[in-house]
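Close look at the chain arrangement
Below, each chain spelled out in residue letters.
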Amino acid sequence: MLHDFFWGTVKLGLFLEYGVPAIVGIVVLISCLAAEGNPLSFKGRTGRKAYLIQYLVSLLIVFAAGLFNSWISVLVILVVGTGMYAAMARRIRDIGGSNRLAVAVPLLVLALTFVEVKAVSHGLAAVMLGVGFVPGGKNRVE
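Quick caveat, the model's predicted, so the values are computed rather than measured. (Residues numbered from 1 in each chain as written. Predicted model: local features only at pLDDT ≥ 70, side-chain atom pairs only at ≥ 80, totals over all residues. Heavy atoms only, no water.)

In this section: the overall build of the protein. Helices and strands together make up the secondary structure of the protein, namely 5 helices and 0 strands. Secondary structure elements of the protein occur, N-terminal to C-terminal, as α-α-α-α-α. By the burial criterion, 24% of the 142 residues in the protein qualify as buried. At a minimum sequence separation of 6, the contacts of the protein that also span at least 24 residues come to 69%. Element-wise, carbon and sulfur atoms account for 75% of the exposed surface of the protein, whose accessible area totals about 9,900 Å². (Helix = DSSP H or I, 4+ residues; strand = E, 2+ residues; numbered from the N terminus. Buried < 20%, exposed > 50% of the residue type's maximum accessible area, 1.4 Å probe, protein only. Contact = heavy atoms within 4.5 Å. Areas by Shrake-Rupley, 256 points an atom, 1.4 Å probe, with all protein chains shown as cover.)

Below, the structure written as structure tokens:
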């Protein structure tokens, strides 16, 4: 019994020393990335070039993370996927869509991602990529 108590205390100490700072660091990093003008921000607008670059880099990162089978790759895919949807929402706002449309389209894409039909998922990928080629509005104020 004393042995179990000792090892439980050691595990708790290790978690408090290494686990808590790692979790806090991840939360701070994600909150900094979500500030306006950063990749995870849903606020503002995105031009065609910036959207296409972020989309293609995100696809490469998601593909590379998908090759590994660990919980870290799942975390990377979730964060990068959120950035992809945030960029798409900003791009929809830039081409003249409303805030509701900017939120609804990424949610629709996310909902249909889990559909087993490959034609639907390929079509949605084409739509997400196609949003990058539509010209945006001229210097309008939000």
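Bringing helix α3 (residues 71–94) into the picture now. Its 24 residues place the ends of α3 35 Å apart at the C-alpha level, agreeing with the 34 Å of an ideal helix rising 1.5 Å per residue. Directly after α3, the chain includes Gly 96, whose backbone phi takes a positive value near 105°. (Expected span 1.5 Å × (residues − 1).)

As for its position among the elements, Ser 58 is in helix α2 (residues 48–66). For Ser 58, a relative accessible area of 6% puts it in the buried group. At 2.7 Å, the side chain of Ser 58 and the backbone oxygen of Gln 54 are in polar contact. Every residue in contact with Ser 58, bar those within four places of it in the chain, is listed here: Val 80 and Met 84. (Polar contact = N/O pair within 3.5 Å; in protein donor to acceptor, adjacent residues only side chain to side chain.)

Membership of the largest hydrophobic core is limited to 12 residues, which are Tyr 51, Leu 52, Tyr 55, Met 84, Tyr 85, Ala 87, Met 88, Ala 89, Ile 92, Ala 102, Met 128 and Val 131. At the level of secondary structure, the elements contributing two or more residues to this core comprise α2 and α3. Examining the composition of this core, we find that 6 residues originate from one element, α3, more than from any other. Beyond its immediate chain neighbours, meaning those up to four positions away, Tyr 51 contacts Thr 46, Ala 87, Met 88, Arg 91, Met 128, Leu 129, Val 131 and Gly 132. (Core = buried A, V, L, I, M, F, W, Y, C linked by side-chain atoms within 4.5 Å.)

Summarising the model, the protein shows a mean pLDDT of 75, and 81% of its residues fall at 70 or more. Within the protein, helix α5 (residues 118–130) has the poorest average pLDDT of any element, 66, and α2 the best, 85. (pLDDT = per-residue confidence, 0-100.)

By the secondary structure assignment, Ala 86 is in helix α3. Placed 44 residues apart in sequence, Ala 86 and Phe 42 show a C-alpha to C-alpha distance of 4.8 Å. Aside from chain neighbours lying at most four places away, what touches Ala 86 is Pro 39, Leu 40, Ser 41 and Phe 42.

Between the first and last C-alpha of α2 there are 27 Å, a value that for 19 residues agrees with the 27 Å anticipated at 1.5 Å per step. Tyr 51, Leu 52, Gln 54, Tyr 55, Ser 58 and Ala 65 are the residues of α2 that are buried. Looking straight down α2, one finds that the buried residues subtend no more than 165° of arc, so they occupy a single side. Counted as exposed and oriented over 90 degrees from the buried face of α2: Lys 49, Leu 60 and Phe 63. (Arc of directions from axis to C-beta.)

Where α2 meets α3, the closest approach of the two axes is 9 Å, and the angle between their N-to-C directions is 160°. The angle between α2 and α3 falls in the class roughly antiparallel. For the element pair α2 and α3, the recorded crossing hand is left-handed. For the pair α2 and α3, the contacting residues are Arg 48, Tyr 51, Gln 54, Tyr 55, Ser 58, Leu 59, Ile 61, Val 62, Ala 65 and Gly 66 in the first and Ser 73, Val 76, Ile 77, Val 80, Gly 83, Met 84, Ala 87, Met 88, Arg 90 and Arg 91 in the second. Residues of the contact of α2 with α3, tallied by class, amount to 12 nonpolar, 5 polar and 3 charged. (Axes fitted to C-alpha atoms, helices over the stretch in contact; angles between N-to-C directions. Parallel < 35°, antiparallel > 145°, perpendicular 65-115°, else oblique. Left-handed = near helix turned anticlockwise from the far one by under 90°. Nonpolar A, V, L, I, M, F, W, Y, C, P; charged D, E, K, R; others polar.)

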